[in-house]
Every structure is written in structure tokens, then in C-alpha cells.
Amino acid sequence: MATTDQEVNELIKREYEHGFVTDIESDTFEPGLNEDVIARLSGLKKEPEWMLKWRLKAYHRWLEMDEPDWAHVGYPKIDYNAISYYSAPKRKEDMPQSLDEVDPELLKTYEKLGIPLHEREKLAGVAVDAVFDSVSVATTFKEPLAKAGVIFCSISEAIRDYPELVQKYLGTVVPHSDNFFAGLNSAVFSDGTFVYVPKGVRCPMELSTYFRINAANTGQFERTLIIADEGSYVSYLEGCTAPMRDENQLHAAVVELVALDDAQIKYSTVQNWYPGDEEGKGGIFNFVTKRGACQGKNSKISWTQVETGSAVTWKYPSCILKGDNSVGEFYSVALTNNFQQADTGTKMIHLGKNTSSTIISKGISAGRSSNAYRGLVKFQPGAEGARNFTQCDSLLIGDRCGAHTFPYIESKNKSAIVEHEATTSKVSDEQMFLCRQRGIDPEQAVSMIVNGFCKEVFKELPMEFAVEAGKLLEVSLEGSVG
Amino acid sequence: MLSIKNLHASVEDKEILKGINLEIKAGEVHAIMGPNGSGKSTLSQVLAGNEAFEVTSGEVTLNGENLLDLETEERAREGIFLAFQYPVEIPGVSNLQFLRTAVNAMRQHRGEEEMNAAEFMKLAREVSKQVDLDPSFLKRGVNEGFSGGEKKRNEILQALLLQPKLAILDETDSGLDIDALKVVSDGVNALRSEDRAILMVTHYQRLLNHIVPDYVHVLAGGRIIKSGGRELALELEEKGYGWLGIKDEEEASN
Ligand SMILES: Nc1ncnc2c1ncn2[C@@H]1O[C@H](COP(=O)(O)OP(=O)(O)OP(=O)(O)O)[C@@H](O)[C@H]1O
Ligand SMILES: [Mg+2]
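None of these values were measured; they are calculated from a predicted model.

Some points on the overall build of chain A
For chain A, the count of helices and strands is 12 helices and 23 strands. Put simply, chain A has 482 residues, and 65% of those count as buried. Counting contacts in chain A only where the partners sit at least 6 residues apart, residues at least 24 apart contribute 84% of the total. Surface summary for chain A: the accessible area is close to 17700 Å², and the carbon and sulfur share equals 48%.

Quick notes on the layout of surface pockets
Taken as a whole, the largest pocket encloses approximately 1000 Å³ of empty space. Around the largest pocket, the lining comprises 34 residues; the ones closest to its centre are Met448(A), Asn451(A), Gln97(B), Arg100(B) and Thr101(B). For the lining of the largest pocket, the secondary structure elements donating two or more residues are helix H10 (442-453), helix H11 (455-458) and helix H12 (463-477) of chain A together with strand S7 (90-94), helix H3 (95-109) and helix H4 (117-130) of chain B. A per-element tally of the lining of the largest pocket places H3(B) first, with eight residues. Counted by class, the lining of the largest pocket contains 12 nonpolar, 13 polar and nine charged residues.

Brief notes about the UniProt feature "domain: SUF system FeS cluster assembly SufBD N-terminal" (unreviewed entry) in chain A
Per the UniProt annotation, the sites labelled "domain: SUF system FeS cluster assembly SufBD N-terminal" (unreviewed entry) are residues 146-203 of chain A. Annotation note: span residues 146-203 of chain A, helix share 43%, strand share 16%, distance between end C-alpha atoms 10 Å.

Quick look at the pairing of strand S12 (residues 223-228) of chain B
Direction of pairing for strand S11 (residues 215-220) of chain B relative to S12(B): antiparallel, over a ladder of five bridges. Bridging from a neighbouring strand, His217(B) pairs with Ser227(B) of S12(B).

Details of the coordination of the magnesium ion (ligand 2)
Residues and elements named next belong to chain B. Of the protein atoms, only Ser41 (OG) and Gln85 (OE1) coordinate the magnesium ion (ligand 2), at distances of 1.9 to 2.1 Å. Of this pair, Ser41 sits in helix H1 (residues 40-48) while Gln85 sits in the loop between strand S6 (80-83) and S7, placing them 44 residues apart in sequence. Accessibility expressed as a relative area gives 23% for Ser41, which makes it partly exposed. Its relative accessible area of 13% is what places Gln85 among the buried residues.

What to know about the interface of chain B and chain A
With 32 residues of chain B in contact, the opposing surface of chain A contributes 22 residues. Our count for the contact surface shared by chain B and chain A stands at five salt bridges. A salt bridge links Arg436(A) to Glu51(B), with the nearest nitrogen and oxygen atoms 3.8 Å apart. The tally of links from chain B across to chain A stands at 11 residue pairs in polar contact (both at pLDDT 80 or more). Elements that contribute at least two residues to the side of chain B that touches chain A include exactly H1, helix H2 (72-77), S6, S7, H3 and helix H6 (148-162) of chain B.

Observations regarding the packing of aromatic side chains
All names here are of chain A. Scanning the model with the defined rule gives 17 aromatic pairs over all chains in all. Measuring from ring centre to ring centre gives 5.3 Å for Trp62 and Phe180, while their planes differ by 45°; the resulting arrangement is tilted. You can see Trp62 sitting in helix H3 (residues 49-63) and its partner Phe180 sitting in helix H8 (residues 180-188), a full 118 residues away along the chain. Judged by relative accessible area, Trp62 falls into the buried class, the value being 8%.

Considerations on the site of ligand 1
All names here are of chain B. Neighbouring residues of ligand 1: 16 residues in total, closest Gly37, Lys40, Ser41, Thr42 and His203. Glu171 is positioned such that a nitrogen or oxygen atom in its side chain is 3.2 Å from an oxygen atom of ligand 1. In the complex, 67% of the free accessible area of ligand 1, which totals 640 Å², lies under the protein chains. Looking at the shell around ligand 1 residue by residue, the classes come out as four nonpolar, eight polar and four charged.

What to know about the pattern of salt bridges
Taken as a whole, this structure holds 26 salt bridges over all chains when the rule is applied. The partner of Lys290(A) in a salt bridge is Glu238(A), and the shortest N-O contact between them spans 2.2 Å. Highlighted residues: Lys290(A) in strand S13 (residues 283-294) and Glu238(A) in strand S9 (residues 233-241), separated in sequence by 52 residues. The pair formed by Lys290(A) and Glu238(A) is uniform in burial state, with each residue classed as buried. For Glu235(B), the salt bridge identified is with Lys239(B), shortest N-O distance 3.3 Å. Taken together, the positions of Glu235(B) and Lys239(B), both in helix H9 (residues 230-239) and four residues apart, correspond to about one turn of that helix.

Concerning H3(A)
Given a rise of 1.5 Å per residue, 15 residues ought to cover 21 Å, and the 21 Å separating the end C-alpha atoms of H3(A) matches this to within 8%. In the core, the buried residues of H3(A) are packed alongside helix H2 (35-44), helix H6 (155-161), H8 and strand S8 (223-228) of chain A.

A short note on the sheet that holds strand S5 (residues 65-66) of chain B
Residue and element names in this part refer to chain B. The strand order across the open sheet built from four strands is S2-S1-S4-S5, with neighbouring strands paired in antiparallel fashion. Strands with a single pairing partner mark the edges of an open sheet, and in this sheet they are strand S2 (14-24) and S5. Two elements, strand S1 (residues 2-11) and S2, share eight bridges in a ladder whose sense is antiparallel. The residue of S2 that forms the bridge with Ser10 is Glu15. Along the sheet face, H1 touches S1, S2 and strand S4 (54-62) and points at about 110° away from the line of S1.

A few points about the nonpolar core
Of all hydrophobic cores here, the largest spans 106 residues; its most connected members are Ile364(A), Val450(A), Leu2(B), Ile4(B), Phe98(B) and Met200(B). In contact with Ile4(B), other than residues within four places in its own chain, are Ile20(B), Asn21(B), Leu22(B), Leu43(B), Leu47(B), Glu59(B) and Val60(B). Ranked by size, the runner-up nonpolar core spans 35 residues in total, among them Met205(A), Ala228(A), Ile301(A) and Ile359(A).

With respect to the state of the cysteines
Residue and element names in this part refer to chain A. Tallying each qualifying case throughout the model produces zero disulfides over all chains. Among the cysteines around Cys401, which has no disulfide bond, Cys454 carries the closest sulfur, lying 14 Å off. Here Cys435 stays free of any disulfide, with the sulfur of Cys454 as its closest cysteine sulfur at 15 Å. Residue Cys435 is classed as buried on the basis of its relative accessible area of 0%.

How each quantity is defined
- Residues numbered from 1 in each chain as written.
- Chains lettered and ligands numbered in written order.
- Predicted model: local features only at pLDDT ≥ 70, side-chain atom pairs only at ≥ 80, totals over all residues.
- Heavy atoms only, no water.
- Helix = DSSP H or I, 4+ residues; strand = E, 2+ residues; numbered from the N terminus.
- Buried < 20%, exposed > 50% of the residue type's maximum accessible area, 1.4 Å probe, protein only.
- Contact = heavy atoms within 4.5 Å.
- Areas by Shrake-Rupley, 256 points an atom, 1.4 Å probe, with all protein chains shown as cover.
- 1 Å grid on protein atoms, 1.4 Å probe; cavity = no way out; pocket = protein on both sides within 12 Å on 5 of 7 lines; lining within 4 Å.
- Points joined across faces, edges and corners; volume = space filled by probe spheres on them.
- Nonpolar A, V, L, I, M, F, W, Y, C, P; charged D, E, K, R; others polar.
- UniProt positions renumbered as here; feature names shortened; annotations may be inferred.
- Pairing = 2+ DSSP bridges.
- Donors = N, O, S within 2.8 Å, 3.2 Å for Na, K, Ca; no water.
- Salt bridge = Lys/Arg side-chain N within 4 Å of Asp/Glu carboxyl O.
- Polar contact = N/O pair within 3.5 Å; in protein donor to acceptor, adjacent residues only side chain to side chain.
- Phe/Tyr/Trp six-rings, centres within 6.5 Å; stacked < 30°, edge-to-face > 60°.
- Near = heavy atom within 4 Å.
- Expected span 1.5 Å × (residues − 1).
- Axes fitted to C-alpha atoms, helices over the stretch in contact; angles between N-to-C directions.
- Core = buried A, V, L, I, M, F, W, Y, C linked by side-chain atoms within 4.5 Å.
- Disulfide = S-S within 2.5 Å.

Right, dumping it as C-alpha cells:
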């Protein structure tokens, strides 16, 4: 038939677009991890004493922990002493005070990635924090945000300038003892984004962080903390890319969200870390812990993710629904191609009364990749009248890839209602023949069909990024049809 | 326009088409009738380039060019259109987006500028009215949840938008109510023109009251065993396929 499985398998082969390396002078630590390294890191960042103590405590706990092996992924053992835990572009002063002081090479890098940091060329209505390797290099739109009372800065700045807020919330949603990678991150996190939206404020623009790994043999351990105070609203987006390198690189981030009474946080991710080459060589190990706490009543946290990159992804953005009537949402598109492996999903932990959660997961596997959805929906005894709806769809392209679904449901409250739907489908020969019979290129046909499959998730993304996500799928799928 | 010579094709090593010969000129309408399983859809699919079928011998030319050398999408861009007997669904892809992508692929091939969303929307709405499909069908997924008759009208909608040189209609009249049959026939008659040929597969001579063919062929056992004019269809209706030496129980029953 028009596009046979074999041909489909060939339709995913474009070069990774963001694979360039920026030639910039960096200060990079020697590989290895010990107390001294952590102290040096903390010192470089001029952190207060409490922060260093916090890090060291996490480090000691981490030393006692084992790397998890339950995920449906396989990768060579990571030597944590072969990784450098800090790399930052060299510059005269400690921190650039304005965009004019940012190294022009860096600005060019972000321009190349389509993320203009100059406010005059800004993405319409989006404030950007750019994190390059271990440090935040620029944050745009600080002033209009400050006028609204919104704090949007790098976490390093927040630790220095807003210690009360950081101390009050850091590690409350994801404690350092939570899991191996969260422990490691707590010890060595280098930078990331901090957001605080005060009571009753609707953040006047989209906030976004753009993460870029540049240096070789360096791990990226960013830490993001977002607090939405009572009755506030914020929409936040993160994007990620990395150069093409033959060695695997580790990215172990922690993201914590806190929504107080009547507050809403919308968190979107477009993850496009370097996935490795067609033979499965190189690529980012993306081991991320993301969790949001709906602390207050009527609060809402919504995760939307489009995951197309990374060699191995291990990621479960979750919601703890503590406040009564709080709402958790998880919308996910995970695409794997070639030899990529993804084990991703969510956890919805219902504690409060009448809490509700929605999970829409779309997994797309092509090439020889493996794509697993893993989800936990848990109702604690107090979750009277709570409900969950889960829809889990897998789409296979070709016949050498795999899709797996691991849904777990635990209910300790009889009044809780769970609905679960799951489907697995293929891009069928008949669909491909129909498209081609109408004059459409096979590649365009696959991308159109896949985009259609993801529609329910894409409509949750902020407009500007929905378009980008669609394009990203197209690129990631190239070579999957011949 | 289309010339088929001694065409043999098989699927999974089973020969279905056993030497088809057919000449179709621009402006002509040909009807193909024949018992279930005789190879009518196979012929249609082979012409459109469905690779599930293997052409084992014979030749097919479109305006002198070897059609069998072309990929499915290239044939489509050269003007071959197939209205499917069983149109498939593409969930989540809006009909509008699908149609515009197809129309623009053809335009690009002809070196014309692509149509933008607004222009296309206007055109699509007009044509959907022509086949009596509410414009709301443009927003729905391709054939997603369409009734049998709606799918058939959607096929004609596509033919009208794509303006092919050769339209192959595989049982586009099956499963239509009387009003829909009228709508679809009107659509097909609108397609009729000096520089376009139509090949339609049907089981019902009543369609031929609406769309009067220039030729009628009977396909049985993978061969065209009889050809004639409009009157052949009437004869078939009266006598069944038996008088042509074909078993009656295989006769059209859907
Ligand atoms: N993919 C396939 N695999 C196996 N056999 C097939 C396949 N496609 C068609 N056939 C067989 O080829 C023969 C011709 O089928 P075809 O669909 O062309 O008949 P038709 O004349 O269109 O019949 P109908 O009037 O019922 O639509 C049938 O015996 C059918 O079972
Ligand atoms: Mg048929």
C-alpha cells in the first residue's frame, strides 16, 4: 500500500535543528561531586548560610539513596563523579544588570533558537527568563511585572532578595528525600526560575523560561518555584534545547508549584532536548520531578507538556489536591522516535473534598522507540466526592516501536469516582492512502494525522506555543515515512 | 485520456484483475457494473496507485504518460481522483484542514499560489452547500462519525474542490436515500465537462437515469466481458448477470 510500515519508519530523519554549540568562554567546575563542590557552588552564588546547609543536608540524604529502576527505560549507569556540576559563561561582573550587559554571543544563541531576549523584538506579551547551562542570563519585562507586583527572576536572585518566600516554600512540595534525582537536584541545583504572584493579581503576561544546555559533560540541575497567592493567576511556559553531542548529558530538574486559595497556575512545557542520533547515540537524560500543590480551596493547577526530545525521559508532573474543590489537570503529548525512550505520566493525589482531576495523555511512538504512560490516581480517606477522568491514547507509527500503559488507581474513599479510557491506534495504510490520493505528501500526511491525534492537548497550550508545538512534531517525525 | 491495456493485478498472490482493456476519452462517462467481488474496486484502487495491489503485467497511460510509474500522490496531482467505496476516518484532523492541504498540494504542483484559510473557507462553504452538507461538517474530523450518506457526499465535495481530470467513483451511489442520490448525481453532472472523464462503478441502473453514461461495461471474474451503451444497464437490470454466463447468486445485493 502507498505508505508501508517500512516506509513510515523512514519518515523520521531530519537533523536536530538546535544542535549547534555556542563558542563562549565558560567557567566550568572539574567533574565530581563532594561537599567542597557544593560549598564552592553556593559561594559563587553568594548564597546565605541557610541555603548551603539546606544543600548539604540534601546531599547527605542523597548519598544514602538508590537510583530508581522501576521505569520502563534502559540506559547505561551514570557516573555521578564524571559530571561537572557547574558551568557558566564568563563575564566581567557577577550578574548582568541589564540586557545590554549580556554577552552578544549569548543573545545570538537565543535569537538562533527563536527566543529574542531584546524586549523590542519580544514575543508578543511573553516575558522570558533565559537559563544558559547553570545560570540565568537574562530576564525580560521585569519592570511591567514589578508594577503588577509579580516577582519573576532567577532562583539565585530570589534566594538573595526574597529569602523569606524561598525559605517558606522551597522543598515543601518536593522534599529532598522525595526521590534520587530530586535529592541530587536539591544538593546541586544551579539556577532556575522563581515566580511569585501576589494576592488577587492576574499576571499581565505569559511568563516563560528557556533552558539551554551548552557545555559538554555538564549536568543541568535547574530548580523552579512558582507561588500563586490567594486569588491570583499565572500562566508559565518552559522550553528546552541542547547541542548535539555523542555523550549523554544529564538534566535533573525540580519544579514546585504552590497554589493558595482560589489561585490558578497553568504550567506548559515544550521539551525538545537533543534526543540522540538515529542510532541512539548521545542525547539528554531527562529525569525530572515536577509537582504542584493545590494548597488552598478552589485552587487549580494545570500541566500541559509536549515532550519530543531527550534520549530518556522520566517525568511525572503531579498534583496534590489538598484544598477542597481544587482541580488538577494533566495534558500530555509525548513523542518518541528512533531509539528514544519515554516513561512519563502523572500522579493525582486527592486529599480534599470534591477535588477533581483530568488526565489526557497522547503517546506517539515511531522508529524503534518506546513510550510508556505511567499514572497514579489516589483518593485518600478525606477525598469525599472526588473524581478523576483519565484518557490515555497511544498512536503507533510503523511496527518496530512500542507503547505501554501503566495506570494505577488507589482509592480509600468509596464516594470517589474514576473514569478511565484507553485506546491504541496506528496511522493506518488506508488513512495514508486517502491523504496521498488527494495529492498530499506522505510526510505531511503523517504530521497532519499526528497533529489531529494531539489536538485535545494542543488546544490547552498558549496560542503562540501551540503553533510551535505542531511544527516541532513535524520536525521530530521527519524520516518516519519514506 | 486513459488507456488500459491487458492489465493484470493481484493481492496477496491472488490474481484479481485478469487482463483489463479499456479506453476512456476526455468528456466521456463510463459506467462499470458487475457482481460483488468481480474486481471493480480493485481496478479503481490500482488506477489510483494503492500499493496493496501488485500490478503483474499490462500498461496504463494517462494522456500518453505511463501512470504505473507514478507514486499515488503524483497520480493525484496529475488529475486522478478516487471517490472511495468505504471512506476512512481521520480523527482530530478537521475536514477543512484536510481539504485545504489537498487543494494547496495540487495548486503548488501547478505552480499556483496557495489559498489562505479565509479564501479557502469561503470556497469550501459554497461547495459544501452544493452537495447539501451543512458547513459544520467542515469543522468535524475527516469522515469522523459521518453517516454512510454523508461520507459519500463528502467524497463528491472533494471531487468538486479538486477538479480532477479523471474522476473514479466507486459506488458513490450506494447507501444513499432518494434525495441524496439526486444531490450526488447533480454533483457528478456538475463535474461533467469536455476535458474531464468519469469512471463510475455502480450496481444500480437507476443512477444511470440521473447520470447518463456514454458506455456501460460489465466486469466479471477480473475481465470486462461485455461493453455497450446506456441500454446495456437496462438489459442487466431486467435479466441479471446470468444471461452473460455468470452465476446469479453473486449478483448485486447491497
Ligand atoms: N486486500 C485484499 N486482500 C485479500 N483479498 C482482497 C483484497 N482486496 C480485494 N480482495 C479480493 O479481491 C476480489 C475483488 O474485490 P473488489 O473489492 O475489487 O470487488 P468489487 O467488484 O469491488 O466488489 P463489490 O461489488 O462487492 O464492491 C474479492 O474476492 C476480494 O475479496
Ligand atoms: Mg467494490
